[in-house]
Every structure is written in C-alpha cells, then in structure tokens.
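Below are the chains, spelled out letter by letter.
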Amino acid sequence: MSRIGKKPVPVPSGVEVKVDGKSFSAKGKHGELFFTYHPSMTVEFDSEANVVNVIRPDDARQSRALHGLTRALIANMVQGVETPFTKKLEIQGVGYQATLNGQKLSLQVGFANIIVLDVPEGVTCVLPNSTRIQLSGADKHAVGQFAANIRGVRPPEPYKGKGIRYEGEYVRRKAGKAFAK
C-alpha cells in the first residue's frame, strides 16, 4: 500500500473542499483550484474529521502509482489555496536585469535581444530589485514551471557563474584554461 496515498489530507479551517463526480475543487483566501482525477481513483471528503481520503480500487501497478500521485496533488491544492507557494530567482552577471511591464517579464541577460515572457494566469510576479524575481501563486505546478522557464532562458554557467539561478542554488564552478595546468 502506498504510504503517501494512505495518509489523509487535512483540510484547514478557511478552506472549502468539494468533490463531485471525478473532479475535486479547493477554495481558499488565495484562490480556487480545480483538478480532474483519474477515473479509477475514489476521493472522499469526511466532513466530521475534516480530511480528504484517496482510495484505490486494487493493487495493480498503475493504481498504486496513481494513488500517491492523486493524494499529493490534492494536498498541494489544499495547501496552496491556504498559503501560496513561492519561488525566488536571482540574476547574476554584469548588465543582467529583469523588468516587469504589466503581465510581461522582460529579461536582459546578455543576448542581442530582450527575452519577453508572459506571466501565466494565477502566478504573481514581483521584482524587489532588477536582479531578483519573486513568483507566488496557489498552483504549485504553475509557479514551479514558470520559474523553470525563466531559469531556462539563461541557466548559470560553471566558469563565471553568470545567469539566472534559484535563490540559494549552489553552482559548481570550474577552473578556466589558465588554471588547468
């Protein structure tokens, strides 16, 4: 039995949960999220204990895999509508900077042109200064994917460490040709 799938998902006060058909929705002070789970899974909301349980039909390989996945996705939804997920990125390099124009994030990171990315719906982008980017939102996947897209524009390179990295990310540095002897 899946250890993660067996655990009930506690629903904190202030979060409204609804299960109907094969869809699950969570609504809280930071937004509303919807999720259509796999037809073989069963999701039940126990209003007395204020928990959500995920039940699988059998011990088939796919059922075991979907059991933990469904429970984890539901737990992330419940957590996200209560307290939003955040990702912080930092830009390192001379002249490298970011600017925000409405829902468009412009990155100037050493290319001949400026890279413009659309901020997805449900994700809030804040620039404390021109070299720091802070993303937040209720949907963990959307926040993480947009952070990965930003980092993918110019990942940190190992010689000088220039590029876009997650805050606190360690970049393993290499010695250049001059020190290789």
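What counts and how
- Residues numbered from 1 in each chain as written.
- Predicted model: local features only at pLDDT ≥ 70, side-chain atom pairs only at ≥ 80, totals over all residues.
- Heavy atoms only, no water.
- Pairing = 2+ DSSP bridges.
- Helix = DSSP H or I, 4+ residues; strand = E, 2+ residues; numbered from the N terminus.
- Contact = heavy atoms within 4.5 Å.
- Axes fitted to C-alpha atoms, helices over the stretch in contact; angles between N-to-C directions.
- Salt bridge = Lys/Arg side-chain N within 4 Å of Asp/Glu carboxyl O.
- Buried < 20%, exposed > 50% of the residue type's maximum accessible area, 1.4 Å probe, protein only.
- Phe/Tyr/Trp six-rings, centres within 6.5 Å; stacked < 30°, edge-to-face > 60°.
- Lys NZ or Arg CZ within 6 Å of the ring centre and 35° of its normal.
- Expected span 1.5 Å × (residues − 1).
- Lys, Arg positive; Asp, Glu negative; His and termini not counted.

Trainee: Can you break down the sheet that holds strand β5 (residues 42–46) residue by residue, with the values?
Mentor: Within a sheet, each strand pairs with its neighbour through backbone hydrogen bonds, oriented either parallel or antiparallel. If you trace the three strands from one edge of the open sheet to the other, you get β1-β6-β5, paired in antiparallel fashion. Of all strands in the sheet, those bounded by a partner on one side alone are β1 (9–10) and β5. Where β1 meets strand β6 (residues 51–55), two bridges bridge the pair, whose relative direction is antiparallel. Looking at the pairing, Val-9 lines up with Val-52 of β6. Lying on the sheet, helix α2 (residues 61–82) is in contact with β1, β5 and β6; it crosses β6 at an angle near 160 degrees.

Trainee: Explain the pattern of salt bridges to me, and be specific about the residues and the numbers.
Mentor: It is possible for side chains of opposite charge to pair when their charged atoms get near one another. For the structure shown, the criterion picks out four salt bridges. With a closest N to O distance of 2.8 Å, Arg-56 and Asp-59 form a salt bridge. Assessed through its relative accessible area of 10%, Arg-56 is described here as buried. Across the salt bridge formed by Glu-169 and Arg-151, the nearest N and O atoms sit 2.7 Å from each other. Here Arg-151 lies in helix α3 (residues 140–153) and Glu-169 lies in the segment after β13 (163–166), a separation of 18 residues in the sequence. Arg-151 sits in the partly exposed class, given a relative accessible area of 22%.

Trainee: Account for the pairing of strand β8 (residues 97–101), naming residues and giving values.
Mentor: Sheet analysis places β8 next to strand β9 (residues 104–108), joined by five bridges and oriented antiparallel. Considered in β9, the bridge of Ala-98 is made with Leu-107. Counting the residues between successive antiparallel strands, the hairpin from β8 to β9 contains two residues, one of them, Gly-102, with a positive phi of roughly 65 degrees.

Trainee: Now, about the packing of aromatic side chains: what can you tell me, with residues and values included?
Mentor: Applying the stated criterion across every chain yields a total of one aromatic pair. Between the aromatic rings of Phe-35 and Tyr-37, the centroid separation amounts to 6.4 Å while the plane-to-plane angle is 45 degrees, which identifies the pairing as tilted. Classification of Phe-35 by relative accessible area gives buried; the value is 17%. In this structure Tyr-37 comes out as buried when scored by relative accessible area, which is 4%. Stacked on the ring of Tyr-166, the Lys or Arg Lys-87 has its end atom at 5.4 Å from the ring centre. One residue, Arg-154, lies across the ring of Phe-111, its end atom 4.5 Å from the ring centre.

Trainee: Report on α2, specifying residues and quantitative values.
Mentor: For α2, which comprises 22 residues, the first-to-last C-alpha distance of 33 Å matches the rise-based estimate of 32 Å (1.5 Å per residue) to within 8%. Of all the positions in α2, only Ser-63, Leu-66, His-67, Gly-68, Thr-70, Arg-71, Ile-74, Ala-75, Met-77, Val-78, Gly-80 and Val-81 are classed as buried.

Trainee: Now, about the side chain of Arg-71: what can you tell me, with residues and values included?
Mentor: By the element assignment, Arg-71 lies in helix α2. Within the buried set, Arg-71 has no salt-bridge partner at all; the shortest N-O distance to an opposite charge, 12 Å, is to Glu-82. Each residue touching Arg-71, except ones within four places of it in the same chain, is listed here: Ile-4, Gly-5, Lys-7, Pro-8, Val-9 and Val-54.

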